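What the coordinates show
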Amino acid sequence: MRDQTVEFTDIAEADLMTSRGKFRTVAFRDSADGNEHIALVLGELWQQRDVLVRVHSECVTGDIFSARRCECGDQLGAALDRIVQRGRGVLVYLRGHEGRGIGLVAKVRTHVLQDEQGLDTVDSATSLGLPVDARDFGPAARVLKYLGVRSVELMSNNADKMTALESYGIGISARVPLLIQPTDHNIRYLTAKRDRLGHDLPHLDSVVGGSAGK
Ligand SMILES: [Zn+2]
């Protein structure tokens, strides 16, 4: 069953066998942002509550090339593993979210500033006149509604993402932490996400100490 009142510019769905097993893919072009996105669906979700969900922002460097300066690729794999473990859930992969919405070229520009001037992920964006977070989670909310999901257990460390989805009418029954073990390569990035963007990353405390003001 699908909610046909949700309008996409274009949509198609098919089975997709992966290394983790068979998913249902729902590829759609969102009417509002014009991007093509994809949801990987496992099990029947229609009218289901407490569906395990990951809303994942595109990160070409991390997701495809396993870049170590962020934890995106590891989160993507861990989220899919958990969905398979539970036997039901959905991963929504949002395009156009590269670098929290600034785009791939701009993201690589921020890497230069991070490497050469020691700026963190926030200051390297703002010093280029770019927003810290320009992502819109509307497409994820719309596809979850299309799939008939009643409420979600959201795999995320970011309370702002919960607020954003709720603002689009998605009921969130729980937040499920998705903590990736820090490495020498991503610890500065993770610490900035904790201290500057408010992500809940308690596992960093033992590595770099608690965040200021905590
Ligand atoms: Zn990334």
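What you see is a predicted model, and the numbers here were worked out from it, not measured in a lab.

All right, on to the UniProt feature "binding site: Zn(2+)" (unreviewed entry) in the protein then. Those places that UniProt annotates as "binding site: Zn(2+)" (unreviewed entry) correspond, in this numbering, to Cys 59, Cys 70 and Cys 72. Of note, Cys 70 is situated in the loop between helix H1 (60-64) and helix H2 (72-86). On the basis of neighbour counts, which here come to 21 C-beta atoms within 10 Å, the residue Cys 70 falls in the buried class. The residues contacting Cys 70, other than those within four sequence positions of it, are Cys 59, Gly 62, Asn 186 and Tyr 189. Tracing the backbone shows Cys 72 in helix H2.

Here the focus is the domain arrangement of the protein. Considered domain by domain, the protein is made up of domain 1 (10-97 + 138-192) and domain 2 (98-134). Taking only C-alpha atoms, the centre of domain 1 and the centre of domain 2 are 23 Å apart. The partner domain 2 presents seven residues to the seven residues of domain 1 that form the contact. A per-element tally of the side of domain 1 that touches domain 2 places helix H8 (residues 187-197) first, with three residues. Across the side of domain 1 that touches domain 2, the residue classes break down as four nonpolar, one polar and two charged.

Inspection of H8 places Leu 190, Lys 193 and Arg 194 among the buried residues, and these make up the whole buried set. Each buried residue of H8 sits inside an arc of 90° when the element is viewed along its axis, so together they form one side. Backbone geometry just after H8 places Gly 198 at a positive phi near 75°.

Those places that UniProt annotates as "active site" (unreviewed entry) correspond, in this numbering, to Asp 133 and Arg 135. Positionally, Asp 133 belongs in the loop between helix H5 (121-126) and helix H6 (138-146). Since 17 C-beta atoms lie within 10 Å of it, Asp 133 is described here as partly exposed. Beyond its immediate stretch of four places on either side in the chain, Asp 133 contacts Arg 100 and Gly 101. When you line up the elements, Arg 135 lands in the loop between H5 and H6.

Thresholds, definitions, all that
- Residues numbered from 1 in each chain as written.
- Predicted model: local features only at pLDDT ≥ 70, side-chain atom pairs only at ≥ 80, totals over all residues.
- UniProt positions renumbered as here; feature names shortened; annotations may be inferred.
- Helix = DSSP H or I, 4+ residues; strand = E, 2+ residues; numbered from the N terminus.
- Buried ≥ 20, exposed ≤ 12 C-beta atoms within 10 Å, placed from the backbone.
- Contact = placed C-beta atoms within 7 Å.
- Domains from an automatic or database assignment.
- Nonpolar A, V, L, I, M, F, W, Y, C, P; charged D, E, K, R; others polar.
- Arc of directions from axis to C-beta.

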